[in-house]
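Overview (structure and organization)
Listed below, chain by chain, are the residues.
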Amino acid sequence: MTRKIIIAGNWKMHKTPQEAGVLAQAIVSAMPTNLACEVVLCPSHTALATVSTAIAGSAVQLGAQNCHWEAQGAFTGETSPAMLAGWCQYVIIGHSERRQFFGEINETVNRKVKSALKYGLTPIICVGENLAENEAGLTQAVVSDHVNGAYAGLSAEDALKTVIAYEPVWAIGTGKTATAQQADDVIGLYIRPALAALYDEVVAQSITIQYGGSVKASNAAELLGMPNIDGALVGGASLQAGEFLGIVAGASAKS
Ligand code: PGA
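Residues numbered from 1 in each chain as written. Predicted model: local features only at pLDDT ≥ 70, side-chain atom pairs only at ≥ 80, totals over all residues. Heavy atoms only, no water.

**Things to note about the overall build of the protein**
Each helix and strand in the protein was counted, giving 12 helices and eight strands. Taking 18 Å as the expected radius of gyration for a compact globule of 255 residues, we find that the protein reaches 17 Å, a close match to that expectation. For the protein, the C-alpha atoms occupy an extent of roughly 45 × 45 × 35 Å along the three principal directions. Here the protein, with 255 residues, has 53% of them falling under the buried criterion. Sequence separation of at least 24 residues holds for 72% of the intrachain contacts in the protein that already meet a minimum separation of 6. If you sum the accessible surface of the protein, you get close to 10,800 Å²; carbon and sulfur atoms cover 54% of it. With 15 positive and 21 negative side-chain charges, the protein shows a separation of 4 Å between the mean positions of the two kinds. (Helix = DSSP H or I, 4+ residues; strand = E, 2+ residues; numbered from the N terminus. Rg over C-alpha atoms; globule rule 2.2 N^0.38 Å. Buried < 20%, exposed > 50% of the residue type's maximum accessible area, 1.4 Å probe, protein only. Contact = heavy atoms within 4.5 Å. Areas by Shrake-Rupley, 256 points an atom, 1.4 Å probe, with all protein chains shown as cover. Lys, Arg positive; Asp, Glu negative; His and termini not counted. Charge placed at Lys NZ, Arg CZ, Asp CG, Glu CD.)

Now the structure itself:
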(Lines give C-alpha, C1' and ligand atoms only; values in the text may rest on other atoms or scores of the structure.)
Protein backbone atom coordinates (compact mmCIF):
# COMPACT_ATOMS: atom_id res chain seq x y z
CA MET A 1 0.00 0.00 0.00
CA THR A 2 1.58 3.30 -1.02
CA ARG A 3 0.62 6.25 1.08
CA LYS A 4 1.46 9.90 0.63
CA ILE A 5 4.48 11.00 2.66
CA ILE A 6 3.96 14.48 4.09
CA ILE A 7 6.42 16.64 6.00
CA ALA A 8 4.67 19.62 7.59
CA GLY A 9 6.23 22.49 9.51
CA ASN A 10 4.07 23.76 12.36
CA TRP A 11 5.48 27.20 13.12
CA LYS A 12 3.09 27.70 16.05
CA MET A 13 2.97 31.28 17.38
CA HIS A 14 6.31 32.28 15.89
CA LYS A 15 7.37 34.72 13.17
CA THR A 16 5.96 38.04 12.04
CA PRO A 17 4.57 38.09 8.51
CA GLN A 18 7.85 39.46 7.24
CA GLU A 19 10.01 36.92 9.12
CA ALA A 20 7.77 34.10 7.97
CA GLY A 21 8.16 35.16 4.35
CA VAL A 22 11.94 35.16 4.74
CA LEU A 23 11.95 31.68 6.29
CA ALA A 24 9.64 30.30 3.61
CA GLN A 25 11.85 31.80 0.92
CA ALA A 26 14.94 30.21 2.48
CA ILE A 27 13.23 26.81 2.55
CA VAL A 28 11.89 27.05 -1.00
CA SER A 29 15.15 28.21 -2.51
CA ALA A 30 17.10 25.24 -1.08
CA MET A 31 14.39 22.64 -1.67
CA PRO A 32 15.51 19.76 -3.89
CA THR A 33 13.51 19.40 -7.08
CA ASN A 34 13.03 15.63 -6.92
CA LEU A 35 11.08 15.57 -3.68
CA ALA A 36 10.27 12.19 -2.15
CA CYS A 37 7.40 13.73 -0.19
CA GLU A 38 4.90 16.56 0.03
CA VAL A 39 6.06 19.58 2.00
CA VAL A 40 3.66 21.86 3.85
CA LEU A 41 4.38 25.06 5.78
CA CYS A 42 1.91 26.08 8.49
CA PRO A 43 2.54 29.64 9.66
CA SER A 44 0.19 31.65 11.85
CA HIS A 45 -2.81 33.14 10.07
CA THR A 46 -1.24 36.59 9.85
CA ALA A 47 1.66 35.18 7.83
CA LEU A 48 -0.35 33.14 5.32
CA ALA A 49 -0.10 35.93 2.76
CA THR A 50 3.67 36.41 2.87
CA VAL A 51 4.34 32.66 2.95
CA SER A 52 1.89 32.12 0.12
CA THR A 53 3.84 34.64 -1.97
CA ALA A 54 7.18 33.09 -1.04
CA ILE A 55 6.17 29.56 -2.06
CA ALA A 56 4.32 30.55 -5.24
CA GLY A 57 5.47 28.45 -8.18
CA SER A 58 7.17 25.86 -5.94
CA ALA A 59 5.95 22.42 -4.87
CA VAL A 60 5.64 23.61 -1.27
CA GLN A 61 2.08 23.82 0.03
CA LEU A 62 0.42 25.96 2.66
CA GLY A 63 -1.39 24.93 5.82
CA ALA A 64 -3.12 26.73 8.67
CA GLN A 65 -2.81 25.78 12.33
CA ASN A 66 -6.49 25.82 13.24
CA CYS A 67 -9.90 26.88 11.97
CA HIS A 68 -13.44 27.35 13.20
CA TRP A 69 -16.21 25.03 12.01
CA GLU A 70 -18.60 27.70 10.78
CA ALA A 71 -18.13 29.40 7.41
CA GLN A 72 -18.79 32.83 8.91
CA GLY A 73 -20.53 34.50 11.81
CA ALA A 74 -20.18 36.29 15.12
CA PHE A 75 -17.08 34.43 16.37
CA THR A 76 -14.62 37.14 17.31
CA GLY A 77 -11.02 36.20 16.72
CA GLU A 78 -11.75 33.07 14.74
CA THR A 79 -10.92 32.13 11.14
CA SER A 80 -13.22 29.97 9.06
CA PRO A 81 -12.27 27.20 6.65
CA ALA A 82 -13.95 29.21 3.90
CA MET A 83 -11.45 32.01 4.59
CA LEU A 84 -8.50 29.62 4.55
CA ALA A 85 -9.58 27.75 1.43
CA GLY A 86 -8.26 30.41 -0.91
CA TRP A 87 -4.78 30.14 0.57
CA CYS A 88 -4.30 26.75 2.13
CA GLN A 89 -4.38 23.12 1.10
CA TYR A 90 -4.05 21.83 4.67
CA VAL A 91 -5.23 22.73 8.16
CA ILE A 92 -3.99 21.28 11.46
CA ILE A 93 -6.90 20.31 13.70
CA GLY A 94 -6.94 19.25 17.34
CA HIS A 95 -3.28 19.94 18.11
CA SER A 96 -2.53 19.00 21.71
CA GLU A 97 -1.74 22.64 22.53
CA ARG A 98 -5.27 23.55 21.42
CA ARG A 99 -6.68 20.69 23.48
CA GLN A 100 -4.58 21.71 26.49
CA PHE A 101 -4.86 25.51 26.43
CA PHE A 102 -7.93 26.37 24.35
CA GLY A 103 -10.57 23.86 25.33
CA GLU A 104 -10.45 21.83 22.13
CA ILE A 105 -12.40 18.61 22.59
CA ASN A 106 -13.26 15.67 20.36
CA GLU A 107 -16.60 17.21 19.43
CA THR A 108 -15.06 20.46 18.18
CA VAL A 109 -12.32 18.53 16.40
CA ASN A 110 -15.02 16.51 14.63
CA ARG A 111 -16.94 19.62 13.57
CA LYS A 112 -13.77 21.28 12.31
CA VAL A 113 -12.71 18.19 10.36
CA LYS A 114 -16.08 18.03 8.61
CA SER A 115 -16.05 21.72 7.84
CA ALA A 116 -12.46 21.69 6.57
CA LEU A 117 -13.32 18.84 4.19
CA LYS A 118 -16.38 20.72 2.99
CA TYR A 119 -14.13 23.59 1.93
CA GLY A 120 -11.61 21.35 0.22
CA LEU A 121 -8.93 21.54 2.92
CA THR A 122 -7.04 18.44 4.03
CA PRO A 123 -7.26 18.19 7.82
CA ILE A 124 -4.16 17.03 9.68
CA ILE A 125 -5.85 15.55 12.74
CA CYS A 126 -3.64 15.41 15.82
CA VAL A 127 -3.99 12.58 18.30
CA GLY A 128 -1.78 11.54 21.18
CA GLU A 129 -1.49 10.78 24.86
CA ASN A 130 0.11 12.92 27.55
CA LEU A 131 2.80 11.76 29.96
CA ALA A 132 0.42 10.73 32.76
CA GLU A 133 -1.73 8.78 30.32
CA ASN A 134 1.33 7.16 28.81
CA GLU A 135 2.66 6.12 32.21
CA ALA A 136 -0.76 4.80 33.24
CA GLY A 137 -0.82 2.52 30.21
CA LEU A 138 -3.67 4.48 28.62
CA THR A 139 -2.05 5.19 25.26
CA GLN A 140 -4.30 2.89 23.27
CA ALA A 141 -7.44 4.14 25.03
CA VAL A 142 -6.53 7.81 24.41
CA VAL A 143 -5.54 7.52 20.75
CA SER A 144 -8.59 5.36 20.02
CA ASP A 145 -10.81 7.93 21.72
CA HIS A 146 -9.22 10.74 19.68
CA VAL A 147 -9.69 8.78 16.45
CA ASN A 148 -13.29 7.80 17.25
CA GLY A 149 -14.11 11.38 18.18
CA ALA A 150 -12.50 12.99 15.16
CA TYR A 151 -14.05 10.59 12.63
CA ALA A 152 -17.57 10.36 14.13
CA GLY A 153 -20.09 10.42 11.31
CA LEU A 154 -17.44 10.72 8.59
CA SER A 155 -17.88 8.56 5.49
CA ALA A 156 -15.05 6.32 4.32
CA GLU A 157 -14.73 8.54 1.26
CA ASP A 158 -14.13 11.57 3.48
CA ALA A 159 -11.89 9.66 5.88
CA LEU A 160 -9.59 8.90 2.95
CA LYS A 161 -9.11 12.65 2.45
CA THR A 162 -7.71 13.13 5.95
CA VAL A 163 -4.24 12.91 7.46
CA ILE A 164 -3.44 11.98 11.07
CA ALA A 165 -0.49 13.19 13.12
CA TYR A 166 0.38 10.97 16.07
CA GLU A 167 1.97 13.32 18.56
CA PRO A 168 2.69 11.94 22.03
CA VAL A 169 2.30 15.10 24.11
CA TRP A 170 5.29 14.18 26.29
CA ALA A 171 7.53 14.37 23.21
CA ILE A 172 6.40 17.78 21.94
CA GLY A 173 8.96 20.52 22.41
CA THR A 174 10.66 18.51 25.14
CA GLY A 175 13.54 17.09 23.17
CA LYS A 176 12.21 13.64 24.09
CA THR A 177 11.35 11.67 21.00
CA ALA A 178 9.36 8.50 21.06
CA THR A 179 11.66 5.81 19.75
CA ALA A 180 10.96 4.97 16.15
CA GLN A 181 9.68 1.58 17.29
CA GLN A 182 7.39 3.08 19.95
CA ALA A 183 5.88 5.53 17.45
CA ASP A 184 5.50 2.85 14.80
CA ASP A 185 3.82 0.53 17.31
CA VAL A 186 1.26 3.11 18.44
CA ILE A 187 0.39 3.87 14.83
CA GLY A 188 0.43 0.28 13.60
CA LEU A 189 -1.08 -1.46 16.64
CA TYR A 190 -3.53 1.16 17.92
CA ILE A 191 -4.32 3.94 15.40
CA ARG A 192 -4.70 1.91 12.21
CA PRO A 193 -6.80 -0.74 13.99
CA ALA A 194 -9.04 2.03 15.39
CA LEU A 195 -9.56 3.23 11.80
CA ALA A 196 -10.13 -0.35 10.63
CA ALA A 197 -12.83 -0.75 13.29
CA LEU A 198 -14.57 2.40 12.06
CA TYR A 199 -14.11 1.64 8.35
CA ASP A 200 -12.11 -1.29 7.03
CA GLU A 201 -8.55 -2.48 6.61
CA VAL A 202 -8.14 -0.77 3.23
CA VAL A 203 -9.08 2.63 4.65
CA ALA A 204 -6.89 2.02 7.71
CA GLN A 205 -3.90 1.19 5.54
CA SER A 206 -4.48 4.09 3.11
CA ILE A 207 -4.51 7.06 5.49
CA THR A 208 -1.26 8.96 5.86
CA ILE A 209 -0.19 8.99 9.51
CA GLN A 210 2.63 11.31 10.50
CA TYR A 211 4.67 11.25 13.68
CA GLY A 212 5.28 14.49 15.58
CA GLY A 213 7.31 15.29 18.69
CA SER A 214 10.90 16.56 18.63
CA VAL A 215 11.55 15.44 15.06
CA LYS A 216 14.84 16.85 13.82
CA ALA A 217 17.24 16.28 10.95
CA SER A 218 19.26 13.81 13.02
CA ASN A 219 16.36 11.46 13.84
CA ALA A 220 14.13 11.98 10.78
CA ALA A 221 15.47 9.20 8.60
CA GLU A 222 15.08 6.60 11.34
CA LEU A 223 11.52 7.67 12.17
CA LEU A 224 10.49 8.03 8.55
CA GLY A 225 12.05 4.69 7.70
CA MET A 226 9.46 2.89 9.86
CA PRO A 227 6.71 1.11 7.94
CA ASN A 228 3.78 2.89 9.61
CA ILE A 229 5.21 6.41 9.78
CA ASP A 230 4.26 8.42 6.70
CA GLY A 231 5.85 11.76 7.41
CA ALA A 232 6.33 14.23 10.21
CA LEU A 233 4.62 17.17 11.83
CA VAL A 234 7.55 19.28 12.90
CA GLY A 235 7.48 22.12 15.42
CA GLY A 236 10.73 23.63 16.70
CA ALA A 237 12.98 22.22 14.00
CA SER A 238 10.79 23.67 11.25
CA LEU A 239 11.77 27.19 12.31
CA GLN A 240 15.28 26.66 10.94
CA ALA A 241 15.51 26.19 7.19
CA GLY A 242 18.53 23.86 7.36
CA GLU A 243 17.03 21.58 10.00
CA PHE A 244 13.70 21.42 8.20
CA LEU A 245 15.37 20.63 4.89
CA GLY A 246 17.34 17.89 6.64
CA ILE A 247 14.04 16.37 7.76
CA VAL A 248 12.65 16.61 4.23
CA ALA A 249 15.78 14.81 3.02
CA GLY A 250 15.07 12.08 5.60
CA ALA A 251 11.88 11.27 3.71
CA SER A 252 14.00 9.63 1.03
CA ALA A 253 14.45 6.84 3.62
CA LYS A 254 10.97 5.89 2.46
CA SER A 255 11.80 5.36 -1.18
P1 PGA B 1 8.08 19.80 18.23
O2 PGA B 1 6.49 20.11 17.97
O3 PGA B 1 8.61 19.28 16.93
O4 PGA B 1 8.67 21.14 18.61
O5 PGA B 1 8.16 18.79 19.31
C6 PGA B 1 5.70 19.24 17.21
C7 PGA B 1 4.29 19.77 17.17
O8 PGA B 1 3.80 20.28 18.19
O9 PGA B 1 3.62 19.69 16.13
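After that view of the structure, there is still more to cover.
**Considerations on the site of the ligand**
Lining the immediate surroundings of the ligand are 13 residues, of which Lys-12, His-95, Glu-167, Gly-173 and Ser-214 lie closest. Within the contact set of the ligand, an oxygen atom lies 3.4 Å away from a side-chain nitrogen or oxygen of Asn-10. In the environment of the ligand, an oxygen atom lies 2.7 Å from a nitrogen or oxygen atom belonging to the side chain of Lys-12. Computed on the free molecule, the ligand has an accessible area of 280 Å², of which 96% lies beneath the protein chains in the complex. In terms of residue class, the shell around the ligand is built from four nonpolar, seven polar and two charged. (Near = heavy atom within 4 Å. Polar contact = N/O pair within 3.5 Å; in protein donor to acceptor, adjacent residues only side chain to side chain. Nonpolar A, V, L, I, M, F, W, Y, C, P; charged D, E, K, R; others polar.)

**Re the pairing of strand 6 (residues 163–166)**
Judged by which residues are buried, strand 6 turns out to be covered on both faces: Val-163 and Ala-165 on one side and Ile-164 and Tyr-166 on the other are all buried. Taken together, the four bridges between strand 5 (residues 122–127) and strand 6 define a ladder with parallel strand orientation. If you follow Ile-125 over to strand 6, its bridge partner there is Ile-164. (Pairing = 2+ DSSP bridges.)

**A look at the nonpolar core**
Ile-7, Tyr-151 and Ile-191 are the most contacted members of the largest nonpolar core, which totals 72 residues. The contact partners of Ile-191, leaving out residues within four places of it in the chain, are Val-127, Val-143, Val-147, Ile-164, Tyr-166, Val-186 and Ile-209. Judged by nonpolar contacts, the second largest core, of 11 residues, contains Cys-42, Ile-92, Cys-126 and Leu-233. (Core = buried A, V, L, I, M, F, W, Y, C linked by side-chain atoms within 4.5 Å.)

**Topic: the side chain of His-146**
With respect to the helices and strands, the residue His-146 is situated in helix 7 (residues 139–150). For His-146, the residues in contact, after removing those within four places along its chain, are Arg-99, Asn-106, Val-127 and Gly-128.

**Quick word on the pairing of strand 3 (residues 61–64)**
Burial along strand 3 is two-sided: the residues Gln-61 and Gly-63 and Leu-62 and Ala-64 are all buried. With helix 2 (residues 48–55) bridging strand 2 (residues 38–42) and the parallel strand 3, this β-α-β connection has right-handed handedness. Inspection of the sheet shows strand 3 paired to strand 4 (residues 90–93) by two bridges, in the parallel sense. For Gly-63, the partnering residue across the bridge sits in strand 4 and is Tyr-90. (Right-handed = clockwise from strand over helix to strand, strands pointing away.)

**Some details on the packing of helix 11 (residues 217–224) against helix 12 (residues 241–250)**
With their axes 8 Å apart at the nearest point, helix 11 and helix 12 run at an angle of 20° to one another. With respect to helix 12, the axis of helix 11 lies roughly parallel. Taken as a pair, helix 11 and helix 12 cross one another with a handedness that is right-handed. Contacts between helix 11 and helix 12 involve Ala-217, Ala-220, Ala-221 and Leu-224 on the former and, on the latter, Glu-243, Gly-246, Ile-247 and Gly-250. Residue composition of the contact of helix 11 with helix 12, by class: five nonpolar, two polar and one charged. (Axes fitted to C-alpha atoms, helices over the stretch in contact; angles between N-to-C directions. Parallel < 35°, antiparallel > 145°, perpendicular 65-115°, else oblique. Left-handed = near helix turned anticlockwise from the far one by under 90°.)

**Structural notes on the environment of Asp-230**
The topology assignment puts Asp-230 in the loop between helix 11 and strand 8 (231–234). Judged by relative accessible area, Asp-230 falls into the buried class, the value being 2%. Once residues lying within four places of it in the same chain are set aside, the contact partners of Asp-230 are Arg-3, Lys-4, Ile-5, Ile-6, Arg-192, Ile-207, Thr-208, Ile-209, Gln-210 and Lys-254. A polar contact is formed between the side chain of Asp-230 and the side chain of Arg-192, at a distance of 2.8 Å.

**Focus: the packing of aromatic side chains**
Per the counting criterion, the structure on display carries three aromatic pairs. On the basis of an interplanar angle of 80° and a centroid distance of 6.5 Å, the ring pair of Phe-101 and Phe-102 is categorised as edge-to-face. Per residue, the accessibility class of Phe-101 equals that of Phe-102, and both read exposed. For the pair Tyr-151 and Tyr-199, a centre-to-centre distance of 6.2 Å together with 75° between the ring planes defines the contact as edge-to-face. Of the two residues, Tyr-151 is situated in the loop between helix 7 and helix 8 (156–159) and Tyr-199 in the loop between helix 9 (180–198) and helix 10 (201–206); the sequence distance between them amounts to 48 residues. For the pair shown, Tyr-151 and Tyr-199 are each scored as buried. (Phe/Tyr/Trp six-rings, centres within 6.5 Å; stacked < 30°, edge-to-face > 60°.)

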